[in-house]
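Chain and residue survey
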Amino acid sequence: MEVVTAEDYDGMSKEAAKFIYEAIEKNPNITLGLATGSTPQKMYQYLAEMLNENNIDLSNVHTVNLDEYVGLDDDNKQSYHYFMLKEFFNKVNIPLENTHIPDGKSEDLEAEVANFEKIITDLGGIDLQLLGVGRNGHIGFNEPGTPFNSRTQVVSLTDVTIKDNSRFFDKIEDVPTRALSMGLETIMDAKSILFLASGEAKRDAVNSLINGEVTEEIPVTILQKHDDLTVVLDKDVLGE
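In what follows, the accompanying structure is described. (Residues numbered from 1 in each chain as written. Predicted model: local features only at pLDDT ≥ 70, side-chain atom pairs only at ≥ 80, totals over all residues. Heavy atoms only, no water.)

**Overview of helix 1 (residues 9–26)**
- If you check helix 1, its first and last C-alpha atoms are 26 Å apart, about what 18 residues at 1.5 Å a residue would give, namely 26 Å.
- Taken as a whole, helix 1 has its buried residues at G11, M12, S13, A16, A17, I20, Y21, A23 and I24.
- In this structure, the buried residues of helix 1 make contact with strand 1 (2–6), strand 2 (31–34), helix 2 (38–53), strand 6 (128–131), strand 9 (192–197) and strand 10 (229–234). (Helix = DSSP H or I, 4+ residues; strand = E, 2+ residues; numbered from the N terminus. Expected span 1.5 Å × (residues − 1). Buried < 20%, exposed > 50% of the residue type's maximum accessible area, 1.4 Å probe, protein only. Contact = heavy atoms within 4.5 Å.)

**Observations regarding the sheet that holds strand 4 (residues 67–69)**
- Taken in spatial order, the three strands of this open sheet run 4-8-7, and their pairing is antiparallel. The sheet is open, and its two edges are formed by strand 4 and strand 7 (153–156), each paired on a single side. Neighbour-to-neighbour, the strand axes of this sheet turn through a mean angle of 30 degrees, independent of strand direction.
- Two elements, strand 4 and strand 8 (residues 178–181), share three bridges in a ladder whose sense is antiparallel. When the bridges of strand 8 are listed, E68 appears paired with L180. (Pairing = 2+ DSSP bridges. Axes fitted to C-alpha atoms, helices over the stretch in contact; angles between N-to-C directions.)

**Quick look at the packing of aromatic side chains**
- Enumeration according to the criterion identifies seven aromatic pairs in this entry.
- With centroids separated by 6.2 Å and ring planes inclined at 15 degrees, the aromatic side chains of Y80 and F141 adopt a geometry described as stacked. With Y80 in helix 3 (residues 80–87) and F141 in the loop between strand 6 and strand 7, this pair connects stretches of sequence that are 61 residues apart. Neither Y80 nor F141 differs from the other in exposure class; each is buried. (Phe/Tyr/Trp six-rings, centres within 6.5 Å; stacked < 30°, edge-to-face > 60°.)

**Remarks on the sheet that holds strand 1**
- Across the sheet, which stays open at both edges, the seven strands sit in the order 1-10-9-6-2-3-5 with parallel pairing between neighbours. Of all the strands in the sheet, just strand 1 and strand 5 (99–100) have a single pairing partner and so form its edges.
- Examined bridge by bridge, strand 9 and strand 10 share five bridges and lie parallel to one another. Looking at strand 10, one finds that F195 is bridged to V231.
- Packing of helix 1 onto the sheet brings it into contact with strand 1, strand 2, strand 6, strand 9 and strand 10, and relative to strand 9 it is tilted by some 165 degrees.

**A short note on the pattern of salt bridges**
- Evaluation of the coordinates by the stated rule reveals twelve salt bridges.
- One salt bridge in this structure joins K105 and D73, with 3.4 Å as the shortest N-O distance. Of this pair, K105 sits in the loop between strand 5 and helix 4 (109–122) while D73 sits in the loop between strand 4 and helix 3, and the two are 32 residues apart along the sequence.
- Residue K105 is classed as partly exposed on the basis of its relative accessible area of 42%. (Salt bridge = Lys/Arg side-chain N within 4 Å of Asp/Glu carboxyl O.)

**Considerations on the nonpolar core**
- Counting 59 residues, the largest nonpolar core has I20, I24, L51, F88, I139, F195 and L223 as its most contacted members.
- Each residue touching I139, except ones within four places of it in the same chain, is listed here: L131, G132, V133, L184, I187, P219, V220, I222 and L223. (Core = buried A, V, L, I, M, F, W, Y, C linked by side-chain atoms within 4.5 Å.)

**Details of helix 3**
- Within the span of helix 3, buried status applies to Y80, H81, F83, M84 and E87. All buried residues of helix 3 fall inside an arc of 165 degrees around its axis, so they share one side.
- Structurally, helix 3 contributes buried residues whose contacts are with strand 2, helix 2, strand 3 (62–65), strand 4 and helix 5 (159–165). (Arc of directions from axis to C-beta.)

Written out as structure tokens, the structure is:
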């Protein structure tokens, strides 16, 4: 585990953007595992700027996203399809057919998660997986208690996650209670992982990642077992 400390959220975002930019430069055929949410949001802004300023060709880059809510249309402003288009895909020259996000509106969700695993396999696996973390230690939408050998699946969200995500919705009742998510084993199969965390609210989860025992009750702790993990943190999440 390599730990990089940034002064603040902005610094964390720049460090992460530089890391991914250099990975794309090194491997123009890279498959990126991408994440959504407030943690990587500014990183995508910086990454898009770097890619465009340097005229980096993304025509052979492929992406697979960690997760998507069940039941939201792609054009719903709270869907992760919408987030990725707005924050990144529409700002760079990546072909949209090279981008893959689970379909939360599929009529057959079990077939959808099986197909998503096949997409990842057909791409040769994920070269670099971007991760954030939930307050309760979830990565992707793998909530506490998720088996470490889980693959992409339909998951039920905990009350903690629903409450945390309700800030993006008009009211808590609008938050979906289920999602499609890469499983923990799927995530761990990535050749390298870039983990980001910012702010005091994520302090306990980060402490568990760095200092805690590996347990399914805190899913993020499985990352201790990965051979190529880079952790980028700001000073707020580290505290004293």
